[in-house]
Structures are given as structure tokens and as C-alpha cells.
Amino acid sequence: MTFISYAQNCEDVILWRALKHIDKGFYIDVGANDPVEDSVTKAFYDRGWSGINVEPLRVHIKDLSQARERDVNLLAAAGVEHGQIELWECEVRGWGTVSQEVISMHEANGHIGQYHRVPVFPLKDICAQYGAKDIHFLKIDVEGFEKEVIDGMDFVKHRPWIVVVEATKPNSTVEVHHLWEGTILASEYQLAYADGLNRFYVASERSDLLSKLRYPPNVFDSYMRVEQMESELRAQEAEVKAEQAEAKAEQAEAKA
């Protein structure tokens, strides 16, 4: 069966290769954004998985709540400690951030946004309240706020099998993993793969997964981008309509 990839950089293909043997697994998605577009977890949810979506924008939480009934959908940001924070919502989907550096960069490039006050919870507390015994993967994509999310996690008590973190400055190839990677590595995780956008880490006790994360998405993964699937469906529909039109024309000609 062809795997349909919804994620921006085929992160779901890599994760599925490593975790497809898990029945109804569990994920945590920090910075979940849209439930379909560029979603790392959509393909897993469709296969019976469930998890926690941490998302500070109301528009996305509304869509997540409607599309992900099995999931816990939290209108919040993850950070170092409990409190509130000013979130900047950009007019470009997926660019919402609480990083002042990133906000200044977007505004300097002519983008506009508005501020919203949202609650902040440490990720370790979210895991303690809602998490499952096994967290099969943790994905973090928070537009420049990754360090704060990681610093608010207890990787000793809560051990995601795989941790995926966006590792470049937003909308650039500038690597920023040096700001937070030490915390993950010191928690007995090993770097398994980097795709140019994200870095994938595997818990030491799950080292058997390392070989599954060694290579980029390839022909042996038997996958298709959702855009390609939709394009093929449109082509099939157009072909059916053309055949129907041709058949009608032949009938009209026969009557004539």
C-alpha cells in the first residue's frame, strides 16, 4: 500500500519507516499547526495513532479539534515554566512565533502580524498529565522557540523513542541546533539523521531504530506526496469527463 506523505519535508516517511511495526502508537506534536497541510502526524492518525497536539493559534486548534477527535488538542505554547506569553500571528500560515528575533526578521521583510496572549506549560508537565507510557515520537517545530521547549522537557522521566526538531533558522538554511542539541545528547539520545531542515534523535535504549533512520526517503519506502496523489486524482477525473463527453458526442452523432 502506498504511503501518502503530508509532511513538509517527508518527515513522516522517515518516521513511518522506523515505526510502522507499532500498532496504534502515540505522538506529541509541539507546534502542530494545521491537521492536514504539512502535518507530520496526519498519516499516523489515519492509521489509528493518537497523541497530543500543542498549538497556540486558535484557528489551528479549532481545525485540529474537528479533525482529531482521538487527540488531546491544547491551545498553548510549550516553554520552560508556567505562565503566559505574547504570540505573534503572521499572515503567512505556519510562521506564528514567540521569538522576538524571528518576529523582527519577518517584519523587516514586510510581513505583518498581530499579538495574542497564550498560556505556556512545560512539556514535562504536559507529558505527565496527558502522555502515554510510550511516546513513540516527539516533534518540535516552533519557529525559533525550540530551546525553550526542550529546556521544559524532562528526558529522564519521559523518553520519546524518536525526537524530531526543526534545526534551522525559520525559512533559511542557517543551522541553529547548537543552541539546544547539547541538552538532548546529554539525555542519552543519539543523532540518527539530518534532512536539511530537521534533526532526528533516537533514545539510547531504542538504538535498534538507528538503522531505520539512516537514509532519506527513497523508492523502497513506496510513498507518494499528497500533492501528487491529488494531481493524479484530478487527471483521472478529467479523463472520465472527457470519455463521458466523447460518448455523448457519439450518441448525438448516431441520432443525427
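Our structure is the block above this text.
Residues numbered from 1 in each chain as written. Predicted model: local features only at pLDDT ≥ 70, side-chain atom pairs only at ≥ 80, totals over all residues. Heavy atoms only, no water.

Draft legend 1. Expanded view of the sheet that holds strand S2 (residues 26-30). Spatially, seven strands are ordered S4-S3-S2-S8-S9-S11-S10 in an open sheet, and the strand pairing comes out mixed. Each edge of the open sheet is held by one strand with a lone partner, namely strand S4 (72-75) and strand S10 (189-194). Pairwise comparison of adjacent strand axes, ignoring direction, gives a mean angle of 15° for this sheet. Two strands pair when backbone bridges link them, and S10 and strand S11 (residues 198-203) are joined in this way by five bridges, in the antiparallel orientation. Note on S11: the bridge partner recorded for Tyr 189 is Ala 203. Helix H5 (residues 123-130) rests against S2, strand S3 (50-55), S4 and strand S8 (137-140) of the sheet, and its axis sits at about 145° to S2. (Pairing = 2+ DSSP bridges. Helix = DSSP H or I, 4+ residues; strand = E, 2+ residues; numbered from the N terminus. Axes fitted to C-alpha atoms, helices over the stretch in contact; angles between N-to-C directions. Contact = heavy atoms within 4.5 Å.)

Draft legend 2. Seen up close, helix H1 (residues 11-19). Of all nine residues in H1, nine are buried, a share of seventy percent or more. Buried residues of H1: Glu 11, Asp 12, Val 13, Ile 14, Leu 15, Trp 16, Arg 17, Ala 18 and Leu 19, and no others. (Buried < 20%, exposed > 50% of the residue type's maximum accessible area, 1.4 Å probe, protein only.)

Draft legend 3. Quick peek at the side chain of Arg 68. Within the secondary structure, Arg 68 is located in the loop between helix H3 (58-67) and S4. According to the relative accessible area criterion, Arg 68 is buried, its value standing at 2%. Other than its neighbours up to four places away in sequence, Arg 68 contacts Tyr 27, Pro 35, Ser 39, Thr 41, Lys 42, Tyr 45, Asn 53 and Asn 73.

Draft legend 4. Quick look at the packing of aromatic side chains. Considering all chains together, one arrives at nine aromatic pairs under this definition. Their ring planes at 75° and their centres at 6.3 Å tell us that Trp 180 and Tyr 201 sit as a pair that is edge-to-face. Of this pair, Trp 180 sits in the loop between strand S9 (162-166) and helix H7 (181-186) while Tyr 201 is found in strand S11, placing the two residues 21 residues apart along the sequence. By the burial criterion, Trp 180 is buried, and Tyr 201 matches it. Grouping aromatic residues by their ring pairs yields a cluster made of Phe 3, Trp 16, Tyr 27, Phe 44, Trp 49 and Phe 137. The residue whose ring lies beneath Arg 47 is Trp 16, and the NZ or CZ to ring-centre distance is 5.1 Å. Lying across the ring of Tyr 45, Arg 70 places its NZ or CZ 3.9 Å from the centre. (Phe/Tyr/Trp six-rings, centres within 6.5 Å; stacked < 30°, edge-to-face > 60°. Lys NZ or Arg CZ within 6 Å of the ring centre and 35° of its normal.)

Draft legend 5. The nonpolar core, seen in detail. Ile 28, Val 30, Leu 123 and Ile 184 are the most contacted members of the largest nonpolar core, which totals 33 residues. Not counting residues up to four positions away in its chain, the partners in contact with Ile 28 are Ile 52, Leu 123, Cys 127, Ile 135, Phe 137, Leu 138 and Lys 139. Counting residues in hydrophobic clusters, the runner-up holds 31 residues, among them Cys 10, Ala 43, Trp 49 and Leu 209. (Core = buried A, V, L, I, M, F, W, Y, C linked by side-chain atoms within 4.5 Å.)

Draft legend 6. Local environment of the pattern of salt bridges. Counting across every chain of the model gives eight salt bridges. Linking Glu 181 and Arg 199 is a salt bridge whose minimum nitrogen-to-oxygen distance equals 2.9 Å. In this pair, Glu 181 sits in helix H7 while Arg 199 sits in strand S11, placing the two residues 18 residues apart along the sequence. Residue classification places Arg 199 among the buried positions, given a relative accessible area of 12%. (Salt bridge = Lys/Arg side-chain N within 4 Å of Asp/Glu carboxyl O.)

Draft legend 7. Representation of H5 in the model. Those residues of H5 that sit buried are Leu 123, Ile 126 and Cys 127. Here the buried residues of H5 occupy an arc of 100° about the axis, which is enough to place them on one side. Facing away from the buried surface of H5 by more than 90 degrees, the exposed residues are Ala 128 and Gln 129. (Arc of directions from axis to C-beta.)

Draft legend 8. Looking closely at the environment of Val 142. Tracing the sequence through the fold places Val 142 in the loop between S8 and helix H6 (146-151). Spatially, the C-alpha atoms of Val 142 and Tyr 45 are 21 Å apart, while their sequence positions differ by 97 residues. Residues contacting Val 142, with those up to four places away along its chain left out, are Val 30, Gly 31, Thr 97 and Val 149.

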